[in-house]
Amino acid sequence: MSTSPTTSAYGSEPAWDVALLFPPQGQWSVEEYLSLTDDINRFVEFTAGRIEVLPTPTVIHQRILVFLFMRLKEFVDAHDLGEVLPSVLRVRLAEDKFREPDIVFLGRGKDSGLGRYWDKADLVVEIVSDDRKSRERDHIKKRKDYAEAGISEYWIVDPQQQQISVLTLQGRAYELIGEFTPGQAATSKLLPGFAVDVKATFKAAEQ
C-alpha cells in the first residue's frame, strides 16, 4: 500500500504540527531535553544538541536487567557500599551529554547531584539489544563516552554472544578485565568479591 508524504497508512495525516513544537536536531538545549524526558517513559539520550530515542526494551532484556540489578543491589546493600538503580535514570557525562544506563552504581558518600539525573557514576551496565545500531552504541560509542566521563567500570552484557565483558578504566580509556561466558563468573575489579554467574544471567531471560 502506497501513501503520500502527508498521509499515513491509516488514511489520516500525521501530526507534523507537533514536531514543530520541538527544536531541530543540533539545537536542543539541556533544559528542553530534560523537560521532554521528564514527560515520557522512553529511553532518550542527548549529545551536543541532538536527541536519540532508543528502542523500547524487550522482555528478554528486562528479565536480564532485573536479574543483574538484584544481584548487584544485594551485594552493595550487604556491604553498605552505596546505591544501585535501574533504568530509566539519566546520567550526565558532560555538559552536553546524557546517557541512560540499564544499571548504575555510585559509591557511598558521593553526591549524585540533582534529583532529575545523576551527574556521576562509578559503575554502569548496558544490556545489548539485538540490532546493529544498539550493538555499535553499547560496544563502541558508550565505551568511549563512559571512559571519557571517568566511570571506573563498564559491564557490557551481550545476550546474542552469551558474553559479559567487564572493562576497567585506565587513564581515559577502558582496559578489558575479561570476556566471561557460560560456565564462568563475571567479576568486578571495582567491587572485590562481587561475581555473577554468566549462565544464570542468560538463563534468567527464559523464565
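Reading the values: the criteria
- Throughout this document, residue positions are counted from 1 along each chain, in the order its sequence is written.
- Where local features are concerned, this predicted model is filtered to residues with pLDDT of at least 70; where side-chain atom pairs are given and counted, the filter is 80 or more; whole-chain, interface and lining totals use all residues.
- As a rule here, side-chain values come from all non-hydrogen atoms in the structure, and water together with hydrogens is ignored.
- Under the DSSP-based scheme used, a helix requires at least four consecutive residues in state H or I and a strand at least two consecutive residues in state E, with every element numbered from the N terminus.
- For every residue, the accessible area obtained with a 1.4 Å probe (protein chains only) is divided by the maximum for its type, and the residue is called buried under 20%, exposed over 50%, and partly exposed between those limits.
- Any two residues whose heavy atoms approach within 4.5 Å at even a single point are treated as in contact.
- Take the buried residues of types Ala, Val, Leu, Ile, Met, Phe, Trp, Tyr and Cys, join any two whose side-chain atoms come within 4.5 Å, and each joined set is a nonpolar core.
- Expected helix span is taken as 1.5 Å per residue step, with the number of steps being one fewer than the number of residues.
- Throughout, the bend at a residue refers to the angle made by two axes, fitted to the seven residues ending there and to the seven starting there.
- For this analysis, a polar contact is any N or O atom pair within 3.5 Å, provided that within protein one partner can donate a hydrogen and the other can accept it, and provided that sequence-adjacent residues contribute only side-chain to side-chain pairs.
- For this analysis, a salt bridge means a side-chain nitrogen from Lys or Arg found within 4 Å of a carboxyl oxygen belonging to Asp or Glu.

J.: Hey, could you run me through the overall build of the chain in this one?
T.: In terms of regular secondary structure, the chain is built from five helices and 12 strands. The buried share of the chain, reckoned over its 207 residues, is 41%. Contacts in the chain between residues at least 24 apart in sequence constitute 48% of all its contacts with a sequence separation of at least 6.

J.: How should I be thinking about the nonpolar core in this particular structure?
T.: Note on soluble globular proteins: their nonpolar side chains tend to be buried together. In terms of nonpolar packing, the biggest core is built from 27 residues, with L68, L72, I103, W155, V157, I164 and L191 touching the most fellow members. Contributions of two or more residues to this core are made by α3 (59-78), β6 (103-107), β7 (123-127), β8 (153-158), β9 (163-170) and α5 (198-203). Among the elements that line this core, the one with the most residues is α3, at eight residues. If we skip the residues at most four places from it in the chain, L68 touches I103, V125, V157, V196 and T201. Grouped together as the second largest cluster of nonpolar side chains are 17 residues, L93, V104, W118 and L169 included.

J.: Help me understand the environment of R71, please; the structure alone is not making it clear to me.
T.: In this fold, R71 is placed in helix α3. Placed 126 residues apart in sequence, R71 and D197 show a C-alpha to C-alpha distance of 10.0 Å.

J.: I tried to follow helix α4 (residues 132-148) on my own but got confused; where do I start?
T.: Residues lying three or four places apart along an α-helix face the same way, a consequence of the helix completing one turn every 3.6 residues. Relative to the 24 Å expected for 17 residues at 1.5 Å per residue, α4 spans 23 Å between its end C-alpha atoms, a close match to the ideal helical length. Along α4, the sharpest kink reaches roughly 40°, centred on K142. Here α4 has its buried residues at S134, R137, D138, K142, D145, Y146 and A147. The residue sitting at the N-terminus of α4 and contributing the capping side-chain oxygen is D131; that oxygen lies 3.3 Å from the backbone nitrogen of K133. Where α4 ends, the next residue or the one after it, G150, has phi of about 80°, a positive value.

J.: Explain α3 here, please?
T.: With 20 residues, α3 extends 28 Å between its outermost C-alpha atoms, agreeing within 8% with the 28 Å of an ideal straight helix rising 1.5 Å per residue. Restricting attention to buried positions, one finds in α3 the residues H61, I64, L65, F67, L68, F69, L72, F75 and V76. D80 lies just past α3 and shows a positive phi near 50°.

J.: Explain the pattern of salt bridges here, please?
T.: If the charged atoms of two oppositely charged side chains come close together, the side chains can form a pair. For the coordinates displayed, the defined rule picks out 14 salt bridges. A salt bridge links K110 to D122; the shortest N-O distance between them is 2.9 Å. One end of the pair, K110, is in the loop between β6 and β7; the other, D122, is in the loop between β6 and β7, and 12 residues separate them in sequence.

Distances and angles like these do not, on their own, reveal function.
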